[in-house]
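Each chain is listed here by its residues.
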Number of protein chains: 2
Amino acid sequence: MTRTTPAGTPLGDSFHVYDTTLRDGAQREGISYSVADKLAVARLLDGLGVGYIEGGWPGALPKDTEFFARAAAGELDLKHAALVAFGSTRRAGTTAAADPQVRALLDARAPVVTLVAKSDRRHIELALRTDVAEAVEMVRDTVSFLVGEGRRVFLDAEHFFDGYAFDPDCSLRVLGAAMEAGADVAVLCDTNGGQLPLALADTVGEVIARTGFRVGIHCQDDTSCAVANSVAAVQAGASHVQCTANGYGERAGNADLFAVIGNLVTKLKMPVLPEAGLAELSRVSHALAEIANIAPDPHQAYVGWSAFAHKAGLHASAIKVDPELYNHIDPAAVGNDMRVLVTEMAGRASLELKGHELGVDLADRPDAVAGALRRVKELEARGWSFEAADASLELLLRREIAKTDPSAAEAVAPFTLESYRVILDHRADGEVVSEATVKVDVAGHRVIATAEGIGPVHALDAALRRALVPHLPWLDDVELSDYKVRILTSGDGPRATPHGTEAVTRVLVQSTDRELEWTTVGVHGNIVEASWLALCDALAHKALRVRSEVGIGGLRP
Amino acid sequence: MTRTTPAGTPLGDSFHVYDTTLRDGAQREGISYSVADKLAVARLLDGLGVGYIEGGWPGALPKDTEFFARAAAGELDLKHAALVAFGSTRRAGTTAAADPQVRALLDARAPVVTLVAKSDRRHIELALRTDVAEAVEMVRDTVSFLVGEGRRVFLDAEHFFDGYAFDPDCSLRVLGAAMEAGADVAVLCDTNGGQLPLALADTVGEVIARTGFRVGIHCQDDTSCAVANSVAAVQAGASHVQCTANGYGERAGNADLFAVIGNLVTKLKMPVLPEAGLAELSRVSHALAEIANIAPDPHQAYVGWSAFAHKAGLHASAIKVDPELYNHIDPAAVGNDMRVLVTEMAGRASLELKGHELGVDLADRPDAVAGALRRVKELEARGWSFEAADASLELLLRREIAKTDPSAAEAVAPFTLESYRVILDHRADGEVVSEATVKVDVAGHRVIATAEGIGPVHALDAALRRALVPHLPWLDDVELSDYKVRILTSGDGPRATPHGTEAVTRVLVQSTDRELEWTTVGVHGNIVEASWLALCDALAHKALRVRSEVGIGGLRP
């Protein structure tokens, strides 16, 4: 808990990867970490190998105060990172030693403190309502007090770029006061996020040339350039970069830690993480999204589920020749995977590649490949789409193999449907009720079950579970985690289908058993039947995995 | 349809905003535009004022071929943009004139053609399996053939940056062949998306200095720098920038059109849109997300719902002093809003403006405006969205007016529902049947009607028509032309709702009477009820118009 420099990276203290997910990242709408969440986030970031973890603002937020107390009490054993407490300089008209907010920073017992100070004259005059001389004195006094108390201090110069453009001397006086008082890094903050990389790099270079200070960078994403700005600043001489996991933050967010690291390591060849860290990027990104309770962005650079997914037929055929020609880096380097999307443009090559990815061996099964390709094209012509439904595609491939290979035939029918009925009532009193009855054969039994639900699909799902769980208890672990609906009009034009409601419906169901997630697809003119097909595949896919663990079909003995 | 240069921008042909949402953007996983969708996307982009709209790849994809045919037949009347067909150069070992793919480009009858050509020697040799001389000849032959046929031609130099780093002479030979044969712009493509802005700007500047060619830029977002790279290229001399709406595209996506435009106009002071275009950015971004059936990203730069939302207490209190200190631009400039200060007044003003646009006079009705505003906020908190459903918004406004103005009270209730019931059967023989019964009051009669349909909503629609048409014959003209479903999960994360099927459903129904089209919305936990609400609004909106033509409610005498 007393580390003040990063451990485990070849660059040591000469370059800082500084994470502020727990403070600035938590400014994102909808994020609300518990103290336990905060500890979990810090452990994941430390495991990755970042140099600094800013834990929050002790004294300002009770949860943050508690976080530092628990960290100091031994709940956070950091291997690589130093822990940082964030706070502001003392108020006007007092001393740092007498300011309770500054005192709270000491009480947090973090070895490093980052102080935020206004460095734009307009903010000093209009928001702080003081003058530059006093603002500079607030910085000097607070930094020297904390340094005197044995803390390493960094200065976050708020609104630096706007302030420097408006009145450079004022902004440099603020930096100078901090550095002369013993701060180690002057962090230039693009607080309003309005910068573009070429100009920002020029400013960073100019500030370093004029002052000789060690400079850091903190960017917001309001021009969609936060990652680019951060990297450009490093190229211009900044040696400390502040980011948040997945770019979480206020407004458009902050610079995404994972993209910045990916760029620094793979493009600029800067070893800013311990050796094993880079391959953990994707996993840590998704785990942090999970803790923040935000769906991961599949299109996020480096770590997104689709970051290396190829759809164009043009590409898929050539990818077999040399994947390196079509990926900017090897996806495995950042713990990600190349995915080939099976689409209308699919050919044998992409289907075989896909089978390999899904663990289905198609090497010596030309008939199964041909059959599966025919089936995929036939289904896609009717509106099916497997590009987001790997689990249904795997079932399709295994069902094709089963046609010519009896040993694979037991594969995937944990139950069979006899019939179902769904009744939806909008009653005269205005209440809307859904009720479903299913009749299925499972494990040699004919079972009938009825359940109500919020909508027709929910009722059907509930009735199916009620029918099956007594015979297939593992089904209880399966939850639907997402449900997407897309209406496809066959002909397209307004006149092609006389009534839009006659169109075909495609349903994607995402399921989880808390270990894995998988997605299945169903298509039908009737939305409930389409949902049913996707639901059945979801359970069949789980059965595939259970079967290999507990025997055929996962049946209770 | 014969425009080859942008119209309506101060920069004219000297700078091109080039949109490829319909071609490269459609490579994003999950996007599948119908031809009607493609026409709607093109109209929205044209309304914004982009210079070029790439409509697709005629000859390669049947839907794209149909899109160009319908555009040429008069369904697309572009005011600002020129329409572009995309395709590849002729194959090796033939002539452009004899290549059916090149012929398909001519048949598309678009005035501009963008040709893609490989400009990385490794791709020429490994993927095309030919040599540089033949690749160069393919470019020269195809460009000069299309120019000879009266087309304006742009060249997309695929993998340019990687290729130029590997073998600059080869890459420049490809550009040279195109430009000498009559192409107007050499578009440098970062196809694998691995570039960073400082180096990319250097390369762009160097290519321009060495060749004197007019240069364009096309960036993918694999380093999270596509927007920054595009802007940096423009600063380095590129005068043609290719983007996609909301950054849709393969893998991590493309450069986001809205962020690039925002940066060019507000940061670099380049008037790249017609005067009124900038304030449409947010609206068009959301409408295009709606058509793509992708939830808008609230944190998207410039246009996101949260792009100017302030959470930090630190900021929120100071914002009252001077909002300009805390926003990088005035949010209204891009049609967005600052959310901390969303006041009653701001909401009222935009609602009145919207009423004016819809022909609802709210000038002397402060109570109706206040009531409508309350109602809109209450509904939006429950998942409703009126952004794409003007007809439902108009009904909402008129219903508020009716509360205080008896003369308007007869407005919008052509019938009232007593109850409905829908029964869905998946029979033992595999057939799936939907049957609906409605009980309604119309024109003083209580009517009960039953009908079958392909799915539950279709059956309900059919039963409702059967009940109403004898009394409201004009209803026979109304057709549903499109139907979209979006599932809204309350939280965001996979754990937010234990079962995805319990989420709230938003349905958009687009209707037409062969003269006009209008869109209505319904939201409910039950998808069928949500559809019902949108259906009822669709008919009520038609009644509004019929009433002014043939008397109250359009009742048969």
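A quick note: this is a predicted structure, and the numbers were derived from the prediction, not measured. (Residues numbered from 1 in each chain as written. Chains lettered and ligands numbered in written order. Predicted model: local features only at pLDDT ≥ 70, side-chain atom pairs only at ≥ 80, totals over all residues. Heavy atoms only, no water.)

Enquirer: Go over the overall build of chain A with me, naming the residues and quoting the values.
Expert: When its secondary structure is counted, chain A shows 17 helices and 16 strands. The principal-axis extents of the C-alpha atoms in chain A amount to approximately 80 × 60 × 55 Å. In chain A, which comprises 557 residues, the share counted as buried stands at 62%. Carbon and sulfur atoms provide 50% of the accessible area of chain A, an area that totals close to 19,700 Å². (Helix = DSSP H or I, 4+ residues; strand = E, 2+ residues; numbered from the N terminus. Buried < 20%, exposed > 50% of the residue type's maximum accessible area, 1.4 Å probe, protein only. Areas by Shrake-Rupley, 256 points an atom, 1.4 Å probe, with all protein chains shown as cover.)

Enquirer: Give me the interface of chain B and chain A: which residues, what numbers.
Expert: At the junction of the two partners, chain B supplies 123 residues and chain A supplies 121 residues. Both faces considered, chain B and chain A share a buried interface measuring about 10,000 Å² in area, 56% of it formed by carbon and sulfur atoms. The residue A:R421 makes a salt bridge to B:D425 at a minimum N-O spacing of 2.8 Å. The tally of links from chain B across to chain A stands at 28 residue pairs in polar contact (both at pLDDT 80 or more). For the side of chain B that touches chain A, the leading source of residues is strand β9 (residues 416–426) of chain B, giving ten residues. (Contact = heavy atoms within 4.5 Å. Buried area = accessible area lost by both parts, 1.4 Å probe. Salt bridge = Lys/Arg side-chain N within 4 Å of Asp/Glu carboxyl O. Polar contact = N/O pair within 3.5 Å; in protein donor to acceptor, adjacent residues only side chain to side chain.)

Enquirer: How would you sum up the UniProt feature "domain: Pyruvate carboxyltransferase" (unreviewed entry) in chain A? Please name residues and give values.
Expert: Here the UniProt-annotated "domain: Pyruvate carboxyltransferase" (unreviewed entry) positions come out as residues 15–282 of chain A. In residues 15–282 of chain A, helix accounts for 44% and strand for 17%; the two terminal C-alpha atoms are 22 Å from one another. (UniProt positions renumbered as here; feature names shortened; annotations may be inferred.)

Enquirer: Report on the nonpolar core, specifying residues and quantitative values.
Expert: The biggest cluster of nonpolar side chains holds 204 residues, and the ones touching the most others in it are A:L175, A:I261 and B:L175. When residues no more than four places from it in sequence are discounted, the contact partners of B:L175 are B:L155, B:A157, B:F160, B:A186, B:L188, B:V207 and B:F213. (Core = buried A, V, L, I, M, F, W, Y, C linked by side-chain atoms within 4.5 Å.)

Enquirer: A description of the sheet that holds strand β2 (residues 52–56) of chain B should follow, citing residues and the corresponding values.
Expert: All names here are of chain B. Spatially, the eight strands close up into a barrel ordered β1-β2-β3-β4-β5-β6-β7-β8, and their pairing is parallel. The mean angle between the axes of side-by-side strands here comes to 25 degrees, regardless of whether they run parallel or antiparallel. Looking at chain direction, strand β7 (residues 215–219) and strand β8 (residues 240–243) are connected through two bridges and run parallel. Residue pairing in the sheet places I217 in a bridge with V241 of β8. Along the sheet, helix α1 (residues 35–48) makes contact with β1 (16–19) and β2, crossing β2 at roughly 170 degrees. The sheet strands contacting helix α3 (residues 100–107) are β3 (82–88) and β4 (112–118), and the helix crosses β3 at an angle near 175 degrees. (Pairing = 2+ DSSP bridges. Axes fitted to C-alpha atoms, helices over the stretch in contact; angles between N-to-C directions.)

Enquirer: Go over the sheet that holds strand β13 (residues 504–512) of chain B with me, naming the residues and quoting the values.
Expert: Residue and element names in this part refer to chain B. Spatially, the three strands line up as an open sheet ordered β12-β13-β14, and their pairing is antiparallel. What marks the edges here is a single partner per strand, and that holds for β12 (479–488) and β14 (517–524). Strand-to-strand twist in this sheet, taken as the mean axis angle between neighbours without regard to direction, amounts to 15 degrees.

Enquirer: Quick one: what's the story with helix α2 (residues 62–75) of chain B, residue by residue and with numbers?
Expert: Residue and element names in this part refer to chain B. For α2, the set of buried residues is D64, F67, F68, R70 and A71. An end-on view of α2 places all buried positions within 165 degrees of arc, on one side of the element. Residues of α2 that are exposed and point more than 90 degrees away from the buried face comprise P62, A73 and G74. Contact partners of the buried residues in α2: α1, β2 and β3. (Arc of directions from axis to C-beta.)

Enquirer: So what about the side chain of A:N229? Which residues, and what values?
Expert: Checked against the element boundaries, A:N229 lands in helix α9 (residues 226–235). Here A:N229 is in contact with A:D190, A:Q195, A:L196, A:P197, A:L200, A:C219 and A:T223, once residues within four sequence places are set aside.

Enquirer: Which residues make up the packing of aromatic side chains, and what are the values?
Expert: Following the criterion strictly, the structure yields 17 aromatic pairs over all chains and no others. Each ring, one from A:F160 and one from A:Y164, has its centre 5.4 Å from the other, and the planes form 25 degrees; the classification is stacked. One end of the pair, A:F160, and the other, A:Y164, are both in helix α6 (residues 160–166), four residues apart, so they sit about a helical turn from each other. A:Y164 shares its class with A:F160; the two are buried. Taken together, the aromatic side chains of A:Y18, A:Y52 and A:F154 make up a single cluster linked through ring pairs. Over the ring of B:F166 we find B:R122, and its NZ or CZ is 4.1 Å from the ring centre. The lysine or arginine in question, B:R545, covers the ring of B:W518, its NZ or CZ lying 5.3 Å from the ring centre. (Phe/Tyr/Trp six-rings, centres within 6.5 Å; stacked < 30°, edge-to-face > 60°. Lys NZ or Arg CZ within 6 Å of the ring centre and 35° of its normal.)

Enquirer: Explain the domain arrangement of chain A residue by residue, including any values.
Expert: Residue and element names in this part refer to chain A. Parsing chain A into structural domains produces domain 1 (12–292), domain 2 (309–404) and domain 3 (416–554). Contacts between the two partners involve 14 residues from domain 2, matched on the other side by 15 residues from domain 3. In total, about 1,100 Å² of surface goes out of reach between domain 2 and domain 3, with carbon and sulfur atoms giving 63% of it. Interface area lost by domain 2 to domain 3 is led by W384, A391 and L395, which between them contribute 41%. At the surface where domain 2 touches domain 3, the tally comes to five residue pairs in polar contact (both at pLDDT 80 or more). Residues of the side of domain 2 that touches domain 3, tallied by class, amount to six nonpolar, three polar and five charged. (Domains from an automatic or database assignment. Nonpolar A, V, L, I, M, F, W, Y, C, P; charged D, E, K, R; others polar.)

Enquirer: Lay out the confidence of the model for chain A with the relevant residues and their values.
Expert: For residues with low pLDDT, the predicted coordinates do not support detailed interpretation. All names here are of chain A. For chain A, per-residue confidence averages 88 on the pLDDT scale, and 90% of positions sit at 70 or higher. In this model, residues 490–501 is a region of pLDDT below 50 whose contacts with residues beyond four sequence positions or in other chains number 30 contacts. pLDDT under 50 marks residues 550–557. Its contacts with residues more than four places away, or in other chains, come to 15 contacts. We note a pTM of 0.73 for the whole complex and an ipTM of 0.74 for its interfaces. (pLDDT = per-residue confidence, 0-100.)

Enquirer: Explain the pairing of β3(B) to me, and be specific about the residues and the numbers.
Expert: Residue and element names in this part refer to chain B. The element β3 is largely enclosed, with a buried count of six among its seven residues. Bridge count for β2 against β3 is four bridges, and the pairing is parallel. Looking at the pairing, I53 lines up with L83 of β3. With α2 bridging β2 and its parallel neighbour β3, the resulting β-α-β unit is right-handed. Pairing between β3 and β4: five bridges, direction parallel. Looking at the pairing, G87 lines up with L115 of β4. Handedness of the β-α-β unit built from β3, α3 and β4 comes out right-handed. (Right-handed = clockwise from strand over helix to strand, strands pointing away.)

Enquirer: Outline the environment of A:K542, listing residues and values.
Expert: Residues and elements named next belong to chain A. Mapped onto the fold, K542 is located in helix α17 (residues 527–550). We classify K542 as buried; its relative accessible area is 8%. If sequence neighbours within four positions are ignored, K542 has contacts with W474, V478, D513 and W518.

Enquirer: Account for the packing of helix α8 (residues 197–211) of chain A against α9(A), naming residues and giving values.
Expert: A pair of packed helices is captured by two measures, namely the crossing angle of their axes and the spacing between those axes. Residue and element names in this part refer to chain A. One way to put it is that α8 packs onto α9 with a least axis distance of 8 Å and a crossing angle of 35 degrees. Pair α8 / α9 crosses with right-handed handedness. In contact with P197, L200, A201 and V204 of α8, α9 contributes A228, N229, A232 and A233. Here the contact of α8 with α9 is composed, by residue class, of seven nonpolar, one polar and no charged. (Left-handed = near helix turned anticlockwise from the far one by under 90°.)

Enquirer: Describe the environment of B:A543, and please don't skip the residues or the numbers.
Expert: Residue and element names in this part refer to chain B. Mapped onto the secondary structure, A543 falls in helix α17 (residues 527–550). Of the residues examined, A543 reaches a relative accessible area of 2% and is grouped as buried. In sequence terms A543 and L472 are 71 residues apart; their C-alpha atoms lie 8.9 Å from each other. Dropping the residues within four chain positions of it, A543 is found in contact with P414 and W474.

Enquirer: Provide a residue-level description of helix α7 (residues 168–180) of chain A, including the pertinent values.
Expert: The first and last C-alpha atoms of α7(A) sit 18 Å apart over 13 residues, in line with the 18 Å expected at 1.5 Å per residue. Here α7(A) has its buried residues at A:C170, A:S171, A:L172, A:V174, A:L175, A:G176, A:A177, A:A178 and A:M179. (Expected span 1.5 Å × (residues − 1).)

Enquirer: Account for the pattern of salt bridges, with residues named and values stated.
Expert: One pass over the full model with this rule turns up 63 salt bridges over all chains. A salt bridge links A:D141 to A:R90; its shortest N-O distance comes to 2.6 Å. Remark: A:R90 occurs in the loop between β3 (82–88) and α3 (100–107) and A:D141 occurs in helix α5 (residues 132–148); sequence separation between them is 51 residues. In this structure, the salt-bridge partner of B:D99 is B:R91, at a minimum N-O distance of 3.7 Å. On the basis of relative accessible area, B:D99 is assigned to the buried category, the value being 1%. Salt bridges linked by common partners bring A:D13, A:R152, A:D184 and A:R214 together as one network.

Enquirer: Provide a residue-level description of unusual backbone geometry, including the pertinent values.
Expert: Apart from glycine, the bulk of residues carry a negative phi angle, and the bulk of peptide bonds sit in the trans form. Residues and elements named next belong to chain B. Even without being glycine, R109 reaches a positive phi, approximately 60 degrees. Its place among the elements puts R109 in the loop between α3 and β4. The backbone phi angle of R251 is positive, close to 55 degrees, even though this residue is not glycine. R251 gets classed as buried once you look at its relative accessible area, which sits at 4%.

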